[in-house]
Amino acid sequence: MTWWQGEDGSPRDLVVVLTALPLEADAVRRLMRNVERRVHPSGTVFSVGELPGVRTKVVLGITGDGTKEAAVITERAIETFRPAAVLLVGVAGALKDSVALGDVVVAKRVHCYSGGKETADTFKSRPRTWDAAHRLLMLTYDLDVDWPGEPPRVHHKPIASGDTLLASRRGPLAAMLDERFEDAVAIEMEGAGVAIGAHLRETNALAIRGISDRADERKQAADAGGSQERAAANAAAFAVALIAAYAATLKKVKKAKPVPGHPGGEILAARLGGSVTSLCFGPGRTLLAAALSGPIRRWRLDDGEELPPIHTATWMPPRYGVRVAASPGGGPIVVRDGYRLRALRPDEPDHPPVELGSVTYPGELYFASSASYALLSWATIFRLRSTATGADLLSFTAVAASISADESTLAVAKGLVSGGRHVQVYRLRPGQDPVPTGPPIELHQAAGMALQIALSPDGAMLGGMTARWAGVFDVERGVPIMPRSGGGDLWSQFFPEAMSLVCTPRGRLLHMSKGRVLQLDVNSRDDAPFLPGGGGYRRLVMSPDGLLATGDAAGWVRVRPWQD
């Protein structure tokens, strides 16, 4: 267990409180107990403590001024602590005369007013708006708050947020806000950034602002008179009361730990003459496997009968061995035959092989195949080729790539400088050029190198793993549906062939690390092995109908049904 985990290994019911100014943070910190410092690897300092009478931990951080800084710190805090909610607490300027100094504004909506298009004649707004998290907002209507002084009024109204400090009611910004954001009663500089960061991490968020000035020429005088301290103290008191109420609702919900998938009994076990170097499911419900040397062996999975092997020449160093790739949906089998790459139909002797190119040392170290496509690579250069003609359909530089079993989707981890964190998804249609689906999926700003990516059999989900992050994305929407901090190991980072990755039909992520086969556990940074045999596994693949095949260093090939 680590400090952020409960007894069952799940994350604690943390609440992150973010402020822009040290003055605002001090108002919250004075209400906390048993405070400890936690320093993020980037240098960001967080204070972790408790509130009197509340078991929920509170993480306090300072974002600094501005939306961009707030968005970065928000996502960083969520990725590190995985909180139940994020609160932005601090001061703001009033835009309406009905809101007095010291009052508290609970932001029903946050308007980001700064987006737009400027023409020669006018400025056309392109605003963005985020609604408050319903669960949090509802609790704010009936709170028992221990105010530090005379109770202020509490307003449940929208606020405006942007990177401009408003200190005049007669300027163009004030006029624009009055015209286009008439419902906003306060203005500040961080709410939009926190809303963006929480939205990207699918986390409940709410902004709580104490009014310290009227956003006009009297701002400096109000600040000098102590209005900021009073406003910050009122906002902090309200936030603490909300955290206590929110924690009470969390205790009433019994968290059911997700039931992991598991393998069934073996339906095939066979031994090759050496460490398994290639393993794939092939046409006609077959399994193909190859070792460092010798033929490519095949088995029919319905009855376990071994089919005639495929003999190929090999001149490669022993580390690379024989290579084979195939598709369960049919089509040819792609093999490395000496200096050549070929697409063969071994059960159709009258069908001539298709030449996919020659091999140069150290050769095509990786390739995947579907019925219509062969995905080949040499170092970081990838080529998508037609198995029917051998023609190049797409060439790209990438860290990793994957084709879905139904050959509908190609995913490419591009951006060598950024470590392959930008995954471009293409739609595949036989006989047509691959078509990008939209902007790349961003694995994570601090994900590290994309060691492996894997598409689910239908191409609807994308699994990814780095040395610091692991998770599954919804391909259509480009959003994470199962993220978790903590990924593979450094050996896998520098030697990707040491790790295989599988995204199951229902979006579970299976991976290999140091020869062990593990299943992603979103509630823990340590994934537990679920197959026997210690650390000897070398290959891991799954068929669209849920069969899990493994190959190990001792040459054993085993197939088990997978229960998702």
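As a convention, each chain's residues are numbered from 1 in the sequence order in which they are written. Selection of residues for local features in this predicted model requires a pLDDT of at least 70, selection of side-chain atom pairs for listing and counting requires 80 or more, and totals for whole chains, interfaces and linings are taken over all residues. To get the side-chain values, all heavy atoms of the structure are used, and hydrogens and water are removed first.

**Q** Describe the overall build of the protein chain, with residues and values.
**A** Each helix and strand in the protein chain was counted, giving eight helices and 41 strands. Think of it in three bands: residues with accessible area under 20% of the maximum for their type are buried, residues over 50% are exposed, and the middle band is partly exposed, with areas taken using a 1.4 Å probe on protein chains only. Burial statistics for the protein chain: of 564 residues in total, 56% are counted as buried. Here, residues are in contact when the closest pair of their heavy atoms is within 4.5 Å. In the protein chain, 58% of the contacts between residues at least 6 apart in sequence involve partners at least 24 apart. For the protein chain, the computed accessible surface area is about 24500 Å², with 52% contributed by carbon and sulfur atoms. In DSSP terms, a helix is any run of H or I states spanning at least four residues, a strand is any run of E spanning at least two, and both are numbered starting from the N terminus. A 1.4 Å probe and the Shrake-Rupley method give the accessible areas. Residues count as covered only by the protein chains that appear here.

**Q** How would you explain the nonpolar core if you had to name every residue and give the values?
**A** The nonpolar side chains of a soluble globular protein tend to be buried with one another. For this analysis, a nonpolar core means a set of buried residues of the types Ala, Val, Leu, Ile, Met, Phe, Trp, Tyr and Cys, connected via side-chain atoms within 4.5 Å. Counting 38 residues, the largest nonpolar core has Val 17, Leu 87, Leu 206, Ile 208 and Phe 238 as its most contacted members. Among the elements that line this core, the one with the most residues is helix H7 (residues 227-251), at 12 residues. Apart from residues no more than four positions distant in its own chain, Leu 87 is found in contact with Val 15, Val 16, Val 17, Leu 18, Leu 136, Leu 206, Ile 208, Ala 239, Leu 242 and Ile 243. Counting residues in hydrophobic clusters, the runner-up holds 31 residues, among them Val 16, Ala 77, Ile 159 and Val 185.

**Q** Talk me through the environment of Arg 336; I want residue IDs and the actual numbers.
**A** Turning to its location among the elements, Arg 336 is positioned in strand E20 (residues 333-337). C-alpha separation for the pair Arg 336 and Ser 358, spaced 22 residues apart in sequence, amounts to 9.1 Å.

**Q** I'd love a proper account of the confidence of the model for the protein chain, names of residues and values included.
**A** Residues at a pLDDT of 70 or more form 86% of the protein chain, whose mean pLDDT is 83. Looking at any residue, its pLDDT shows the predictor's confidence there, from 0 to 100. Ignoring residues within four places in sequence, the model shows residues 492-498, a span with pLDDT below 50, making 14 contacts including any to other chains.

**Q** Any details on the sheet that holds strand E16 (residues 286-291)? Residues and values, ideally.
**A** Pairing between two strands is assigned when DSSP locates at least 2 bridges connecting them. Read across the open sheet, the four strands follow the order E15-E16-E17-E18; overall the sheet is antiparallel. Taken across any chain shown, the strands that pair with only one partner, and hence form the sheet edges, are strand E15 (276-282) and strand E18 (306-310). Geometrically, the sheet is characterised by an average inter-axis angle of 20 degrees between neighbouring strands, direction not taken into account. Direction of pairing for E16 relative to strand E17 (residues 296-300): antiparallel, over a ladder of four bridges. Bridging across to E17, Ala 289 finds its partner in Arg 297. Convention adopted: a line fitted to C-alpha atoms gives each axis, helices being fitted over their contacting stretch, and angles between N-to-C directions are expressed from 0 to 180 degrees.

**Q** Please give an account of helix H4 (residues 172-180) that cites residues and values.
**A** For H4, the complete set of buried residues consists of Leu 173, Ala 174, Met 176 and Leu 177. Down the axis of H4, the sector holding all buried residues measures 165 degrees, keeping them to one side. Exposed residues pointing more than 90 degrees away from the buried face of H4 are listed as Pro 172, Asp 178 and Glu 179. As used here, the arc is the angular range of directions from the helix axis to the C-beta atoms.

**Q** Give me the environment of Pro 295: which residues, what numbers.
**A** Following the sequence through the fold, Pro 295 ends up in the loop between E16 and E17. C-alpha of Pro 295 to C-alpha of Gly 273: the two residues are 22 residues apart in sequence and 9.6 Å apart in space. Apart from the residues lying within four places of it in its own chain, the contact partners of Pro 295 are Ala 289, Pro 309, Ile 310 and His 311.

**Q** An account of the packing of aromatic side chains is needed here, citing residue identities and associated values.
**A** Any aromatic ring pair is given by two values, namely how distant the centres are and how the planes are angled relative to each other. Pairing of aromatic rings covers Phe, Tyr and the six-membered ring of Trp, with a centre-to-centre limit of 6.5 Å; geometry is then stacked below 30 degrees between planes, edge-to-face above 60, and tilted otherwise. Evaluated as defined, the whole model comprises four aromatic pairs. Relative to Phe 396, the ring of Phe 382 has its centre 5.6 Å away and its plane inclined at 10 degrees; by these criteria the two rings are stacked. Of the two residues, Phe 382 is situated in strand E25 (residues 381-386) and Phe 396 in strand E26 (residues 392-397); the sequence distance between them amounts to 14 residues. On the accessibility criterion, Phe 396 (6% relative accessible area) is buried. Geometrically, the ring pair formed by Phe 530 and Trp 562 is tilted, given 5.2 Å between the ring centres and 55 degrees between the ring planes. Taken as a pair, Phe 530 in the loop between strand E38 (516-519) and strand E39 (537-542) and Trp 562 in strand E41 (residues 556-563) lie far apart in primary sequence, 32 residues in all. In this structure Trp 562 comes out as buried when scored by relative accessible area, which is 7%.

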